[in-house]
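An overview of the molecular structure
Residue-level listing of the chains:
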Amino acid sequence: MDTLNKYEKISGQNINKGKSCYMLKVGASLSAITRANLITGMHFKEFPIEYLGCPLFVGRLKISYYSDLINKVTSRAKGWQTKLLSTGGKEGGANFRNLQDINDAFTAKMWWNLRSGDSLWREFMLAKYCKRAHVVISQERPGQSNSWKALCGIKKKVEQSIVRLPMEGKISFWYDNWTKEGPLYKLMPEGLKPKNVLLKDISEVGNWLYDRVEEEIPSAVKNVVEQHLVLTPGVPDKAIWTANLTGNFSEVLLRRYGEDLQGCLVLQLKACNLAK
């Protein structure tokens, strides 16, 4: 008790003995328990006990130790289910929002942040998983995190609605969709993945410096890029989410329209015309 008294004196915090308890070895005598009660001012408990919502026990694990925890999780899950239902769904069980769609929407937002953000998390993910290839073509491998696997699973869907607006040119010549016609590596022979190079490193005073690109650039690529070389040094490049008229990513729209992102944009345009 001397240690607890010192803690109270130094910290200024008092131990609530009414909510505290102590444990003794199995088979402790009644006299030992009575004496401990008088010394500590706390009550005696036998294992298992609950601490921070989890059972503490001695000996073999029993399923019954976790019954309270299971009941709490079940109760919380039922509460989530109610929140995920529309008004009609609460009344008749209709219009249950697909949990997979919700998960996909938030994973898509993570991909958007990975491609357009400027954070320590983004730097970490790119350094950890994209050392050998651009993030657009990086693939998941056995043993990698579930977060990265989820991102790899959603990127194709999200990338089709991301356009990079080149300003200072710190975007990929091959793998970013900066021409609005899709990433240029798809115009290369099938299976060929060109070495990543930035726009700013292969252009100078409005001219393309194709000799700085390791691969031979086919005419189909040149025909596309010749119309797009207008860089503005010092101005950050910008990512545009084409499924939203504002250009900003919206997981709400993604959940609502799912795969039909083009249809989402059409409906927004119609709404704007009706509002005029």
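Preceding block: the structure.
This is a predicted model, so every value here is computed, not measured.

**What to know about unusual backbone geometry**
Phi is positive for Lys-180, which is not a glycine, with a value near 70 degrees. With respect to the helices, strands and loops of the structure, Lys-180 is situated in the loop between strand 5 (162-165) and strand 6 (203-204). Judged by relative accessible area, Lys-180 falls into the exposed class, the value being 66%.

**Focus: the pattern of salt bridges**
A full pass over the atoms with the stated rule returns six salt bridges. In this structure, Asp-176 and Arg-115 form a salt bridge, with 2.4 Å as the shortest nitrogen-oxygen distance. Here Asp-176 is found in the loop between strand 5 and strand 6, whereas its partner Arg-115 is found in helix 5 (residues 99-116), with 61 residues between them in sequence. Taking the relative accessible area as the measure of exposure, Asp-176 reaches 3% and is therefore buried. With a closest N to O distance of 3.2 Å, Lys-200 and Asp-201 form a salt bridge. Residues joined in a network through salt bridges with shared partners are Arg-115, Glu-159 and Asp-176.

**Focus on helix 7 (residues 146-159)**
An ideal rise of 1.5 Å per residue puts 20 Å on 14 residues; helix 7 measures up with 20 Å between its terminal C-alpha atoms. Within the span of helix 7, buried status applies to Trp-148, Leu-151, Cys-152, Ile-154, Lys-155, Lys-157, Val-158 and Glu-159.

**Notes on the packing of helix 5 against helix 6 (residues 120-129)**
Running from N to C, helix 5 and helix 6 point in directions that differ by 90 degrees, and their axes come no closer than 9 Å. The pairing of helix 5 with helix 6 is recorded here as roughly perpendicular in orientation. On helix 6, the residues touching Met-110, Asn-113, Leu-114 and Arg-115 of helix 5 are Trp-121, Arg-122, Met-125 and Leu-126.

**Considering the nonpolar core**
Ranked by size, the top nonpolar core spans 39 residues in total, and within it Trp-148, Phe-173, Trp-174 and Trp-208 carry the most contacts. Mapped by element, the contributors of at least two residues to this core are helix 5, helix 6, helix 7, helix 8 (219-225) and strand 8 (238-241). Per-element accounting of this core gives the leading share, five residues, to helix 7. Excluding residues within four positions of it along the chain, Trp-208 makes contact with Phe-173, Trp-178, Leu-199, Ile-202, Ser-203, Val-225, Glu-226 and Leu-229.

**A few points about the side chain of Lys-155**
Summarising the element assignment, Lys-155 is placed in helix 7. Buried charge without a salt bridge: Lys-155, with Glu-159 as the nearest opposite-charge side chain at an N-O distance of 8.3 Å. Of the polar contacts made by the side chain of Lys-155, one reaches the backbone oxygen of Val-135; its length is 3.4 Å. Once you skip the residues sitting within four places of it in the chain, Lys-155 turns out to touch Trp-111, Val-135, Val-136, Ile-137, Ser-138 and Gln-139.

What counts, and where the lines are drawn
- As a convention, each chain's residues are numbered from 1 in the sequence order in which they are written.
- The predicted origin of the model limits local features to residues at a pLDDT of at least 70 and limits the giving and counting of side-chain atom pairs to 80 or more, whereas totals for whole chains, interfaces and linings rest on all residues.
- The side-chain quantities take in all heavy atoms of the structure and omit both hydrogens and water.
- Helix and strand definitions here come from DSSP, where helices need a minimum of 4 consecutive H or I residues and strands a minimum of 2 consecutive E residues; each element is numbered from the N-terminal end.
- Categorising residues by exposure relies on relative accessible area from a 1.4 Å probe, with only protein chains included: less than 20% of the type maximum marks a residue as buried, more than 50% marks it as exposed, and the intermediate range marks it as partly exposed.
- We define a salt bridge as a side-chain nitrogen of Lys or Arg found within 4 Å of a carboxyl oxygen belonging to Asp or Glu.
- For a helix, the expected span equals 1.5 Å multiplied by the residue count minus one.
- In this description, a line fitted to the C-alpha atoms serves as the axis of each element, helices being fitted only across the stretch in contact, and the angle between N-to-C directions of two axes falls anywhere from 0 to 180 degrees.
- What sets the label is the angle itself: under 35 degrees gives roughly parallel, over 145 gives roughly antiparallel, 65 to 115 gives roughly perpendicular, and the rest give oblique.
- Contact criterion: two residues are considered in contact whenever any of their non-hydrogen atoms come within 4.5 Å of each other.
- Put simply, buried Ala, Val, Leu, Ile, Met, Phe, Trp, Tyr and Cys residues joined by side-chain atoms within 4.5 Å make one nonpolar core.
- Asp and Glu count as negative and Lys and Arg as positive, but His and the ends of the chain are not part of the count.
- In protein, a polar contact means a hydrogen-donor-capable atom and an acceptor-capable atom, both N or O and within 3.5 Å, with residues adjacent in sequence counting only if both atoms are side-chain atoms; elsewhere, any N or O pair within 3.5 Å suffices.

By themselves, these figures tell us nothing about what the structure is for.
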